[in-house]
Each structure stands twice: as C-alpha cells, then as structure tokens.
Amino acid sequence: MQVLLVKTSSMGDVLHTLPALTDAMNAREKIRFDWVIEENFVQIPTWHPAVDKVIPVAIRRWRQHWFRKSVRAERALFKKALQKKHYDVVIDAQGLLKSAALITRLAQGIKHGFDRQSAREAFASAFYHQRHRVDKNQHAVERLRDLLAKSLGYSKPSCRGDYAIRSAFVAKNRPHDPYLVLIHSTTQEAKHWPELHWRALIEQVIKRSAHLKIKLPWGTEPEYQRACRLAEGFSQVEVLPHCDLQAIAHILASAQVVVSVDTGLSHLAAALGKPNLTLFGPTDPLLIGGYGQNQMSIVSETKNMADIFVDKIMAALKQHIL
C-alpha cells in the first residue's frame, strides 16, 4: 500500500506523527509512506523505517513572495513531484485549510482527514473524500494515531506509541563524558524561562556535579547570543556550534538528561527516549507535552514561566545527575 502523508509543520507536530507511522507499519504489511513536509524539517521523516520519499514544501517561505517568478517555478516543481505518483491513500494530518487547499487537493488518491469537529480549521475537511472524528481531548500523538488507524482501517494499539527512531542514533553513540543539555530557546516569548533562572540552574548543577558538562544548542542569532550569556563565566558550559537536526539528534541521544522549555527540540528529546524535564507556562502538557518514556513536566501554576523556580527543578533532576 502506497500512502501520501501531509504533515508539514511544526517540528513538534511532525515528531508527534512518527508513532502513528509505526502503528501503521506494524498493522499493514508492506505499507510505505511518502511525506510532504516543510523544507526545514525534511530530515525527520528519513529517520523512520516506513518512509520512502520526502517531498519538501516551502509554504512558509513562498507566502512572502507568492507571485514572484522564482517562487512560481518552485511551486510548479513541487506540484509535479506531488502528482508523480497515484497513491492508494492520501492522509492530511495537518487539518489546516492551507494544507488541504494547497497540497492535499492536488495529490492523487483517496483523501482522508479530520472531520469538521476534529480539524484545527473546520473548512479543511471539505477537501477530503473520507472524514474522521477524532477526540480533541487527548494528546496530539494519540490524535494522530487515531487518524491513521481510521484512515487505513486498523485498530489503534492500546500500548504507548513508538517513535521508532531511537535505534538510528543510539547505535552510533560513542563513549563520552556525561553531559546535560539545556534547551533554552523557543519562538514564543511567553514560553521562555528567564535567563537569571537558567544561570542559577547552571550554578546549582555544577555545584552538585563538578564532573558534569552542560551543552547549549541554538538555531538563530538571538538564540546564540542568549546561549553565550548563559554560558558566561562557567567553564563547564559549552555553546554548541550551529547544528542541523541530524547533529542535534545525536547530541541529545548521548545526553544524560535534558532540561527544556516547550519547543520542538524538547519533543525530539522525547522521541529519543531521553530523560527530559520540560518547563510549561502558558501551554498544556496534557495535550502537547513530552510523550514517551522518561518525560517529566514542571508546570507554572500561574502560567508565568518566571514562577518556576530552580529548587523544584533540582529536586526533579537529582535522580538523574551522577
């Protein structure tokens, strides 16, 4: 069975889709997926054994200059790649009008997606041949597992979902000095933890475990500057070089423990099964929190990230720090 999956962004949403592919792979012999995804995340589907082809799309970039000649040419090439194959099933797991109208509509095959009550944008359901009711009051991973099970005609397993990517990174690990990764960056200002709190945490970790190194990843120039401020004066703290997702995954896979804000890399740590303590302010971990083994959450009762204090994090970390 040949399936086209449309799940373009964000990083966390993309990672949340992987356990559904594992379910399908186990339930349907010889099922294979092609995956339409935003160009920034094309590495992620390649990690899963059920994915054959990744079809990049660049809606985020294109919409800034939609009618520019170069963009029109890119869109034409994307359409050609999308329509190169007729699929047995096309599944729009995005549930947005833009994904349905600009991508799913063009694909060849029986189109499945969320119904009006289940989709994030109700009008998206108009572009599907088959519409499925999926309970919104469950974790995003379980919603996607439900959608693929209903679209492909099998019963969703009752066990916890398996991302099926960990072995690709753990198998390549090398001996290393123990280290902690602090994921300090997120795109939403309200989800940031104050820099003073981060530095206080670093000081407490070093005080408790003098041999433990600390690594700080970053993706943009402002994130790099923040990492440098957090590392200033601490010889055990390393600001990492700029890394692609593949390299970051290897770094996370070898970490002893991760502390993160609610952001895409936090979900990557979860997908790799790393002990991961995630700090939540305005967002709800019950619906979009870390999914999998060794995932812990600290939630601000006031929804204000500044009200999460270092002593609470240290108490949670003690079982993981040597």
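Residues numbered from 1 in each chain as written. Predicted model: local features only at pLDDT ≥ 70, side-chain atom pairs only at ≥ 80, totals over all residues. Heavy atoms only, no water.

Q: Outline the overall build of the chain, supporting the account with residue identities and numerical values.
A: A tally of helices and strands in the chain yields 13 helices and 12 strands. Projected onto its principal axes, the C-alpha positions of the chain cover 60 × 50 × 40 Å. Considering the chain as a whole, with its 322 residues, one finds that 55% of them fall into the buried category. Considering only contacts in the chain between residues 6 or more positions apart, those separated by 24 or more positions represent 59%. Measuring between centres, the 44 positive side-chain charges of the chain sit 6 Å from its 30 negative side-chain charges. (Helix = DSSP H or I, 4+ residues; strand = E, 2+ residues; numbered from the N terminus. Buried < 20%, exposed > 50% of the residue type's maximum accessible area, 1.4 Å probe, protein only. Contact = heavy atoms within 4.5 Å. Lys, Arg positive; Asp, Glu negative; His and termini not counted. Charge placed at Lys NZ, Arg CZ, Asp CG, Glu CD.)

Q: Lay out the packing of helix α1 (residues 11-27) against helix α6 (residues 140-152) in plain terms, naming residues and giving numbers.
A: The geometry of α1 relative to α6 is characterised by a closest axis approach of 8 Å and an angle of 40 degrees between their N-to-C directions. Taken together, the axes of α1 and α6 are oblique relative to one another. As for how α1 packs across α6, the hand of that crossing is right-handed. Along the contact surface, α1 presents Asp13, His16, Thr17, Pro19, Ala20, Leu21, Asp23 and Ala24, while α6 presents Ala140, Val141, Leu144, Arg145, Leu148 and Leu152. Looking at the contact of α1 with α6 residue by residue, the classes come out as nine nonpolar, two polar and three charged. (Axes fitted to C-alpha atoms, helices over the stretch in contact; angles between N-to-C directions. Parallel < 35°, antiparallel > 145°, perpendicular 65-115°, else oblique. Left-handed = near helix turned anticlockwise from the far one by under 90°. Nonpolar A, V, L, I, M, F, W, Y, C, P; charged D, E, K, R; others polar.)

Q: Provide a residue-level description of the sheet that holds strand β2 (residues 32-38), including the pertinent values.
A: The sheet built from six strands is open, its strands ordered β3-β2-β1-β4-β5-β6 with parallel pairing. The strands lining the two open edges of the sheet, one partner per strand, are β3 (51-57) and β6 (130-132). Direction aside, neighbouring strands of the sheet carry axes that sit 20 degrees apart on average. Summarising the sheet, strand β1 (residues 2-6) and strand β4 (residues 86-92) pair through four bridges and their orientation is parallel. Bridged to Leu5 within β4 is Ile91. The strands touched by α1 within the sheet are β1, β2 and β3, with β2 carrying the most contacts at an inclination of about 170 degrees. Docked against the sheet, α6 engages β1, β2, β4, β5 (108-114) and β6, running at close to 150 degrees with respect to β4. (Pairing = 2+ DSSP bridges.)

Q: An account of the nonpolar core is requested, with residue identities and associated values reported.
A: Within the largest apolar cluster, 54 residues are counted, with the highest numbers of intra-cluster contacts made by Phe33, Ile44, Leu152, Leu252 and Leu268. Counting residues per element, the ones that place at least two in this core are β1, α1, β2, β4, α6, β7 (179-183), α10 (245-253) and α11 (264-271). Counting residues per element, this core draws most heavily on α1, at seven residues. If you count residues domain by domain, this core takes at least three from each of domain 1 (2-164) and domain 2 (172-318). Once residues within four sequence positions are removed from consideration, Leu252 is found in contact with Val181, Ile183, Val258, Leu265, Leu268, Ala269, Leu272 and Lys274. (Core = buried A, V, L, I, M, F, W, Y, C linked by side-chain atoms within 4.5 Å. Domains from an automatic or database assignment.)

Q: Talk me through the environment of Pro19; I want residue IDs and the actual numbers.
A: Locating Pro19 in the fold gives a position in helix α1. Sequence-wise, Pro19 and Ala271 are 252 residues apart; in three dimensions their C-alpha atoms are separated by 9.1 Å. Every residue in contact with Pro19, bar those within four places of it in the chain, is listed here: Val141, Arg145, Gly161, Asp162 and Tyr163.

Q: Could you give an account of the sheet that holds strand β9 (residues 237-239), naming the residues involved and the relevant values?
A: Strand order across the open sheet formed by six strands is β9-β8-β7-β10-β11-β12, with parallel pairing between neighbours. Of all strands in the sheet, those bounded by a partner on one side alone are β9 and β12 (295-299). Between one strand axis and the next, the sheet turns by 20 degrees as a mean value, whatever way the strands run. Both β7 and strand β10 (residues 257-261) contribute to a ladder of four bridges, which runs parallel. Residue pairing across strands places Val181 opposite Val258, the latter belonging to β10. Its contacts with the sheet place helix α9 (residues 221-231) against β8 (213-216) and β9, and it is angled at close to 165 degrees to β9.

Distances and angles like these do not, on their own, reveal function.
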